[in-house]
Amino acid sequence: MATGRTHRPATRSRGIPEATVARLPLYLRALTALSERSVPTVSSEELAAAAGVNSAKLRKDFSYLGSYGTRGVGYDVEYLVYQISRELGLTQDWPVVIVGIGNLGAALANYGGFASRGFRVAALIDADPAMAGKPVAGIPVQHTDELEKIISDNGVSIGVIATPAGAAQQVCDRLVAAGVTSILNFAPTVLSVPDGVDVRKVDLSIELQILAFHEQRKAGEETEAEADVETVVPPVATRAPATGAAGRKGPDGDVPAVMPA
């Protein structure tokens, strides 16, 4: 059985930090939208806002690519699209297999974003014999018995696991043994892989739980704020009655209106 860590070290061989690599797709998405609107150049501030990061971080990230923009002009949109696409490896065709064609796997198979970003779904694979031959997104589902042959025939290096948790590790082991070196895991479990294999995990339930935590915290803060307001509001002050000719109250009793000589 394959064992080892689930991710590579924090930096890549080219010296680009993993955190920067994780932001490159965000920049590419924003740049692609600008390109579709025929916007020729963009400032670091505008692009950073579109990508949801600060401009200083963006400029630092782009410095790893050797791209510094032009003062007073900004960045060339089309060139940055090409540069980031090349860095991410999107200028070549990547055949992908999806294993587990349930509701999630079928949704992934129908996702149009794969093809537009350089990923070609080479095969859909499922363990259910009843699924064999059924077309999903125009691709006939194949049985898991054919997994190794499919990977070999199509030169697949990226696999997507959308199986139940109990089957994920066995599928992972077979993918790795067949030559897959990158795995996108949608199964709600942690996979164990050998060195040299990258795993990216997508767990929607965890993301929802994190959002629930923040919602609970915000609700708690609002409750505390309301309680603080009730605590600090002082009682309504009452005006002392007028003292008339007898004068006003002093520390030692009534103060005459006119002091004696």
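Computed from a prediction, not measured in an experiment: that's the story for all the values here. (Residues numbered from 1 in each chain as written. Predicted model: local features only at pLDDT ≥ 70, side-chain atom pairs only at ≥ 80, totals over all residues. Heavy atoms only, no water.)

1. Looking at the side chain of Gln-169
The topology assignment puts Gln-169 in helix H8 (residues 165-177). Given a relative accessible area of 18%, Gln-169 falls into the buried group. Reaching out from Gln-169, the side chain makes a polar contact with the side chain of Asp-173 at a distance of 2.8 Å. Excluding residues that lie within four positions of it along the chain, Gln-169 makes contacts with Val-190, Leu-191 and Ser-192. (Helix = DSSP H or I, 4+ residues; strand = E, 2+ residues; numbered from the N terminus. Buried < 20%, exposed > 50% of the residue type's maximum accessible area, 1.4 Å probe, protein only. Polar contact = N/O pair within 3.5 Å; in protein donor to acceptor, adjacent residues only side chain to side chain. Contact = heavy atoms within 4.5 Å.)

2. Looking at the confidence of the model for the protein
Looking at the protein, the pLDDT average stands at 85 and 82% of residues meet or exceed 70. In the predicted structure, residues 1-13 sits below a pLDDT of 50 and forms 31 contacts with residues beyond four places in sequence or in another chain. Here residues 250-261 scores under 50 on pLDDT; set against residues more than four positions off or in separate chains, the count is 14 contacts. (pLDDT = per-residue confidence, 0-100.)

3. Topic: the packing of helix H1 (residues 18-36) against helix H2 (residues 44-51)
Close contact between H1 and H2 brings their axes to 9 Å; oriented N to C, the two are set at 110 degrees. Taken together, the axis directions place H1 and H2 in an arrangement best described as roughly perpendicular. The handedness of the crossing between H1 and H2 is right-handed. On H2, the residues touching Leu-26, Tyr-27, Ala-30, Leu-31 and Leu-34 of H1 are Leu-47, Ala-50 and Ala-51. The residue makeup of the contact of H1 with H2, split by class, is eight nonpolar, no polar and no charged. (Axes fitted to C-alpha atoms, helices over the stretch in contact; angles between N-to-C directions. Parallel < 35°, antiparallel > 145°, perpendicular 65-115°, else oblique. Left-handed = near helix turned anticlockwise from the far one by under 90°. Nonpolar A, V, L, I, M, F, W, Y, C, P; charged D, E, K, R; others polar.)

4. Things to note about the packing of aromatic side chains
Applying the stated criterion across every chain, the model contains three aromatic pairs. Taking the centre distance of 5.1 Å and the plane angle of 85 degrees together, the rings of Phe-62 and Tyr-75 count as edge-to-face. Here Phe-62, found in helix H3 (residues 55-64), pairs with Tyr-75, found in strand E2 (residues 75-76); they are 13 residues apart in sequence, far enough to count as distant. Comparing Phe-62 with Tyr-75, the two get one shared label, buried. A ring pair is formed by Tyr-111 and Phe-114, whose centres lie 5.2 Å apart and whose planes are at 85 degrees; its orientation type is edge-to-face. Take Phe-114: its relative accessible area is 17%, and that puts it in the buried class. (Phe/Tyr/Trp six-rings, centres within 6.5 Å; stacked < 30°, edge-to-face > 60°.)

5. Overview of the packing of H2 against H3
Axes are the key here: two packed helices are described by the angle between their axes and the distance separating the axes. Where H2 meets H3, the axes come as close as 8 Å, and the angle between the chain directions of the two elements is 100 degrees. When the interaxial angle is binned, H2 and H3 end up roughly perpendicular. In this structure, H2 contributes Ser-44, Glu-45, Leu-47 and Ala-48 to the contact, and H3 contributes Ser-55, Leu-58, Arg-59 and Phe-62. Grouping the amino acids of the contact of H2 with H3 by side-chain chemistry returns four nonpolar, two polar and two charged.

6. As for the pattern of salt bridges
Under the definition given, this model contains seven salt bridges. In this structure, Glu-148 engages Arg-174 in a salt bridge whose closest nitrogen and oxygen atoms are separated by 2.9 Å. On the criterion of sequence distance, the pair formed by Glu-148 in helix H7 (residues 147-154) and Arg-174 in helix H8 is long-range, its members being 26 residues apart. The exposure class of Glu-148 is partly exposed, given its relative accessible area of 33%. The exposure class assigned to Arg-174 is partly exposed, which follows from its relative accessible area of 24%. (Salt bridge = Lys/Arg side-chain N within 4 Å of Asp/Glu carboxyl O.)

7. Focus: the sheet that holds strand E8 (residues 182-185)
Reading across from one edge, E5-E6-E4-E3-E7-E8-E9 is the order of the seven strands in this open sheet, with mixed pairing throughout. Taken across any chain shown, the strands that pair with only one partner, and hence form the sheet edges, are strand E5 (135-136) and strand E9 (198-201). Bridge count for strand E4 (residues 119-126) against strand E6 (residues 139-143) is three bridges, and the pairing is parallel. Within the sheet, the bridge partner assigned to Asp-126 lies in E6 and is His-143. The sheet contacts of H8 involve strand E3 (94-99), strand E7 (158-161) and E8, and relative to E7 the element is tilted by about 170 degrees. (Pairing = 2+ DSSP bridges.)

8. A few points about H2
For H2, every residue scored as buried is listed here: Ser-44, Leu-47, Ala-48 and Ala-51. One side of H2 carries all its buried residues, which in axial view fall inside an arc of 100 degrees. Residues Glu-46, Ala-49 and Ala-50 are exposed on H2 and point more than 90 degrees away from its buried face. Lining the buried residues of H2 we find H1, strand E1 (41-42), H3, E2 and helix H4 (77-88). Residue Gly-52 follows H2 closely and has a positive phi angle near 80 degrees. (Arc of directions from axis to C-beta.)

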